[in-house]
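Coordinates in review
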2 protein chains.
Amino acid sequence: MTIKEKIKSFKEEFNIHFEREIRKALQEQRDFHPVITDLDEPLTNIVLDYTMGGKRIRPFLIYFFSEKNTDNESLQKICMASELFHLAALIHDDIIDNSPTRRGAKTIHTATQEFAKENTHLGKDIAILMGDVFLTEAITTAAQLPRPIFEKFREMIQRTIHGQYLDSFGMNQLLGETPESEVLARHELKTAWYTFASPATLGFMMHEHYSEEKELVLQNIMKQIGLLFQIRDDIIDCIDENSGKPLFGDIFEGQTTWVTLHIKEYYPQLLDRIIDAKDTNNTDELKNIFKEIDLVTAYKQEFKKCEQLISGIQNQYSDIKEKAYEVLELLTLS
Amino acid sequence: MTIKEKIKSFKEEFNIHFEREIRKALQEQRDFHPVITDLDEPLTNIVLDYTMGGKRIRPFLIYFFSEKNTDNESLQKICMASELFHLAALIHDDIIDNSPTRRGAKTIHTATQEFAKENTHLGKDIAILMGDVFLTEAITTAAQLPRPIFEKFREMIQRTIHGQYLDSFGMNQLLGETPESEVLARHELKTAWYTFASPATLGFMMHEHYSEEKELVLQNIMKQIGLLFQIRDDIIDCIDENSGKPLFGDIFEGQTTWVTLHIKEYYPQLLDRIIDAKDTNNTDELKNIFKEIDLVTAYKQEFKKCEQLISGIQNQYSDIKEKAYEVLELLTLS
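Here is a short report on the structure shown in this document. Being a predicted model, the structure only gives us computed values, none of them experimental.

1. Let's talk about the overall build of chain A
- In terms of regular secondary structure, chain A is built from 15 helices and two strands.
- For a compact globule of 334 residues, the expected C-alpha radius of gyration is about 20 Å, and chain A comes in at 21 Å, within 12% of that figure.
- Reported as C-alpha extents along the three principal axes, the dimensions of chain A are approximately 60 × 60 × 30 Å.
- In chain A, buried positions account for 57% of the 334 residues.
- Long-range contacts, defined as pairs at least 24 residues apart, comprise 72% of the intrachain contacts of chain A with a sequence gap of at least 6.
- Accessible surface for chain A amounts to roughly 14,500 Å². Of this, 47% is attributable to carbon and sulfur atoms.
- Distance from the positive charge centre (38 side chains) to the negative charge centre (55 side chains) of chain A: 3 Å.

Here you go:
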């Protein structure tokens, strides 16, 4: 089975549990005091529409590195906790980014706003609270696990929030002005740790051959893969019209990314033209400018660097090495 | 010692621990990736200014009903968790209510907005994330306690969020239109459970003579005291210019309260005049209308009802009874 097939198969099974968990969490809320019952069903559907298209990459990586069966109870709990946290984080993230849609579905604050009469911020209010509900469920689910795993889960949350915080500070800045160290810190926290190193670690802590030494080897390589994923994401933002997100989203947000830093270094004469095009909201001009920049070749070089890092892993860690190669397969730029 | 003196003495000791905990939580965030160091100290001070004026009524009630010494480790943890959650809830609540100040200090979203350059929603973004940080710290602190206490803590959080959710739906409605059952549900969840019944229960679960039967007696009376507290709060909103909050805040928010329902029942002819005064933003007219309404006498009757409920508690629960009388002392309307 290719890794993509493994993800597909995992996801189908996981989604059944996840939908049940979300319904349970929302139902429990209401049971505390069932009052506005006519909104219960619509609100549940809003959350399900929003979340059921998710890729489930984090719980998959937990499962993949644990080498446990999907019916292992602890594995199920940590996968569930991780995806519940992801749901909470996305809900709050969408408010911060003021996003109307995600994966084609309406964001929670946009969808719930439709229930409002004169209250223009009801959608965001409800979304803040929904995020809090799922954050609480995530942590309390993880709290049922052995202490070291729970502690690692808590660290993951705090790191992710800190990454989001750097993201907020990085918005609406002059492109290329944010120091490289700050951009890298954001990418490490928001993507490399959160999407790759942390889930892999959480899973590996359940592995029968777990050791702290192996954990460090694993974290190190998964962080590099995570950074590559972020570079890929930053590039897609500038070249792929069919990614599901609007083209040049980062640029219009005034967010310095790997692409901006790359241009600053290798095509410095283009940066002012990009800033002008951004300020005049000129997408066509941006498309023209990006024709002069060979991001695909630059990506291939970064990909190769990551491949070399994996090949440099000593053979005593062959299980980690093989899995890292598999994960890397997800990151080709087609 | 009167109960007010007990609170004062508890608070002084608690605040030392609480300040240390907040500094630790924020420091830990930064240790994950120390980047924007020039903002660290100002952000810490913003949070401390915001929280250090708090009344600490919830941790006090936990302590009061536990009959443990303040140096008991489990007691310290649950008090800390409870106040950390309160901090998180207030931060998110202020965003929802769009409040510029609380207890004379700037709210977190207002204070952090001053760091923003062109990003007009940075303050709210940072405040959402700060709330998430403290919510996470609250739950992970409580997770170190015995399972039944942790489970009760989780229930408290979910109930409180649900109350806030009802609050959001109740805003900007026509005064007096929200059904009484919905107003009562909100008051039970947001105040009666959250500020009184839940903290008292959490403390009492550590008491050496704890039993489930006693817990129910305690919860029942503390819920009544909590509802009385809410009535007092609703009345203060309409008659006390020096409460620290703007006069007629609930009315201008379009929030149906105990006062609105009381007027609807006993002074129905005044309701339209109040709605007109609200719509024309006429505070002087509202002051004139409220001179015709005797809220103080109405409150005294509610107070007496609560006193009678306490006196009806059977003598086998004398410890609960005596403590309930003490808590009631806090609720005179002077």
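2. Comments concerning helix α8 (residues 180-204) of chain A
Residues and elements named next belong to chain A.
- An ideal rise of 1.5 Å per residue puts 36 Å on 25 residues; α8 reaches only 31 Å between its terminal C-alpha atoms.
- Maximal helix bending in α8 amounts to about 60°, located at Trp193.
- Counted residue by residue, α8 has 21 buried out of 25 residues, so it is predominantly covered.

3. Looking at the nonpolar core
- Grouped together as the largest cluster of nonpolar side chains are 224 residues, with contacts concentrated most on Phe134(A), Met222(A), Phe290(A), Phe134(B), Met222(B) and Phe290(B).
- Contact partners of Met222(A), with chain neighbours within four places excluded, come to Leu61(A), Phe65(A), Ala192(A), Phe196(A), Ala197(A), Ala200(A) and Val327(A).

4. Some remarks on the pattern of salt bridges
- Counted under the stated rule, the structure contains 47 salt bridges over all chains.
- Lys278(A) is the salt-bridge partner of Asp279(A), the closest N and O atoms lying 3.9 Å from each other.
- A salt bridge links Arg23(B) to Glu19(B); the nearest nitrogen and oxygen atoms lie 3.2 Å apart. Here Arg23(B) pairs with Glu19(B), and both are found in helix α1 (residues 3-31), just four residues apart, close to one helical turn.
- Residue Arg23(B) is classed as partly exposed on the basis of its relative accessible area of 34%.

5. Here we look at the relation of the copies chain A and chain B
- The operation relating chain A to chain B is a screw motion whose rotation component is 180°, with 0.0 Å of axial translation and a residual RMSD of 0.0 Å. Those values place the two copies in the arrangement expected of a two-fold rotation axis. When C-alpha positions in chain A are compared against the rotation axis, the closest is assigned to Ala143(A), at 3.1 Å.
- When the interface residues of chain A are mapped onto chain B, 100% of them again lie at the interface, so the same face is used by both copies.

6. Some words on helix α6 (residues 122-142) of chain B
- When the terminal C-alpha atoms of α6(B) are compared, their 30 Å separation across 21 residues agrees well with the 30 Å that a helix rising 1.5 Å per residue should span.
- The element α6(B) is largely enclosed, with a buried count of 20 among its 21 residues.

7. Quick look at unusual backbone geometry
Residue and element names in this part refer to chain A.
- Located in the positive-phi region is Glu67, a residue other than glycine, with phi close to 55°.
- Along the chain, Glu67 turns up in the loop between α3 (57-66) and α4 (73-97).
- With a phi close to 60°, Phe248 is a non-glycine residue in the positive phi region.
- Among the structural elements, Phe248 can be located in the loop between α9 (212-239) and α10 (249-253).
- Owing to a relative accessible area of 0%, Phe248 belongs among the buried residues under this scheme.

8. Looking at the packing of helix α2 (residues 40-51) of chain A against α4(A)
Residue and element names in this part refer to chain A.
- Packing of α2 against α4 brings their axes to within 11 Å, and their N-to-C directions diverge by 95°. Here α4 runs roughly perpendicular to α2, going by the angle between their axes. Counting all contacts with α2, which are made through Val47, Tyr50 and Thr51, the residues of α4 involved are Leu87, Leu90, Ile91 and Asp94.
- When grouped by side-chain class, the residues that make up the contact of α2 with α4 number five nonpolar, one polar and one charged.

9. Some details on the interface of chain A and chain B
- Of the residues lining the interface, 51 residues belong to chain A; the matching set on chain B comes to 51 residues.
- Where chain A touches chain B, the interface holds four salt bridges.
- With its nearest N and O atoms 2.8 Å apart, the salt bridge here joins Glu137(B) to Arg154(A).
- If you look at where chain A meets chain B, you find twelve residue pairs in polar contact (both at pLDDT 80 or more).
- Counting residues per element, the ones that place at least two in the side of chain A that touches chain B are α1 (3-31), α4, α6 (122-142), α7 (147-170) and α8 of chain A.
- Tallying contributions element by element places α7(A) first for the side of chain A that touches chain B, with 14 residues.
- Classifying every residue of the side of chain A that touches chain B by side-chain character gives 25 nonpolar, 14 polar and twelve charged.

10. Considerations on the packing of helix α11 (residues 258-266) of chain A against helix α14 (residues 295-311) of chain A
Residue and element names in this part refer to chain A.
- Between α11 and α14, the least distance of the axes is 12 Å, while the angle of their chain directions is 105°. Taken together, the axes of α11 and α14 are roughly perpendicular relative to one another. Residues Trp258, Val259 and His262 of α11 touch α14, and the partners they reach there are Leu295, Ala298 and Glu302.
- Tallied by class, residues from the contact of α11 with α14 come to four nonpolar, one polar and one charged.

11. Examining the environment of Met206(A)
Residue and element names in this part refer to chain A.
- With respect to the secondary-structure elements, Met206 resides in the loop between α8 and α9.
- Owing to a relative accessible area of 11%, Met206 belongs among the buried residues under this scheme.
- Taking C-alpha positions, Met206 is 30 Å from Arg232, a pair spaced 26 residues apart along the chain.
- Once you skip the residues sitting within four places of it in the chain, Met206 turns out to touch Ser66, Lys68, Ser74, Leu75, Ile78, Leu145 and Ile149.

Procedures and definitions
Every chain is numbered independently, its residues counted from 1 as its sequence is written. As they are written, the chains are lettered A onward and the ligands numbered 1 onward, keeping that order. Owing to the predicted nature of the model, reporting of local features is limited to residues with pLDDT of at least 70; listing and counting of side-chain atom pairs is limited to 80 or more, with chain, interface and lining totals taken over all residues. To get the side-chain values, take all heavy atoms of the structure and skip hydrogens and water. Put simply, DSSP marks the helices as runs of H or I at least four residues long and the strands as runs of E at least two long, and each gets a number from the N terminus on. Radius of gyration: C-alpha atoms only; globule rule: 2.2 Å multiplied by the number of residues to the exponent 0.38. Under the scheme applied here, a residue whose accessible area is under 20% of the maximum for its type counts as buried, over 50% as exposed, and between as partly exposed, the area being computed with a 1.4 Å probe on protein chains only. Here a residue-residue contact requires only that any non-hydrogen atoms of the pair lie within 4.5 Å. Note that accessible areas follow from Shrake-Rupley with a 1.4 Å probe, and for residues the cover is restricted to the protein chains shown. When charges are counted, neither His nor the chain ends are considered; positive counts come from Lys and Arg and negative counts from Asp and Glu. The atom standing in for a charge is NZ when the residue is Lys, CZ when it is Arg, CG when it is Asp and CD when it is Glu. Any helix carries an expected span of 1.5 Å times its number of residues minus one. To get the bend at a given residue, fit one axis to the seven residues ending there, fit another to the seven starting there, and take the angle between those axes. Grouping buried Ala, Val, Leu, Ile, Met, Phe, Trp, Tyr and Cys residues that are joined through side-chain atoms within 4.5 Å yields what is termed a nonpolar core. By definition here, a salt bridge exists when the distance from a side-chain nitrogen of Lys or Arg to a carboxyl oxygen of Asp or Glu is within 4 Å. Least squares is the method for superposing the copies, and the C-alpha atoms it fits come from residues with pLDDT of at least 70 in both. Orientation is described by lines fitted to C-alpha atoms, with helices fitted over the stretch in contact, and by angles between N-to-C directions that extend from 0 to 180 degrees. Convention used here: angles under 35 degrees read as roughly parallel, angles over 145 as roughly antiparallel, angles from 65 to 115 as roughly perpendicular, and any remaining angle as oblique. Each residue gets one label: Ala, Val, Leu, Ile, Met, Phe, Trp, Tyr, Cys and Pro are nonpolar, Asp, Glu, Lys and Arg are charged, and the others, such as Gly, are polar. N or O atoms within 3.5 Å of each other form a polar contact, as long as, within protein, one can give a hydrogen and the other can take it, and as long as residues adjacent in sequence are counted only when both atoms are side-chain atoms.

These values are about where atoms sit, not about what they do.
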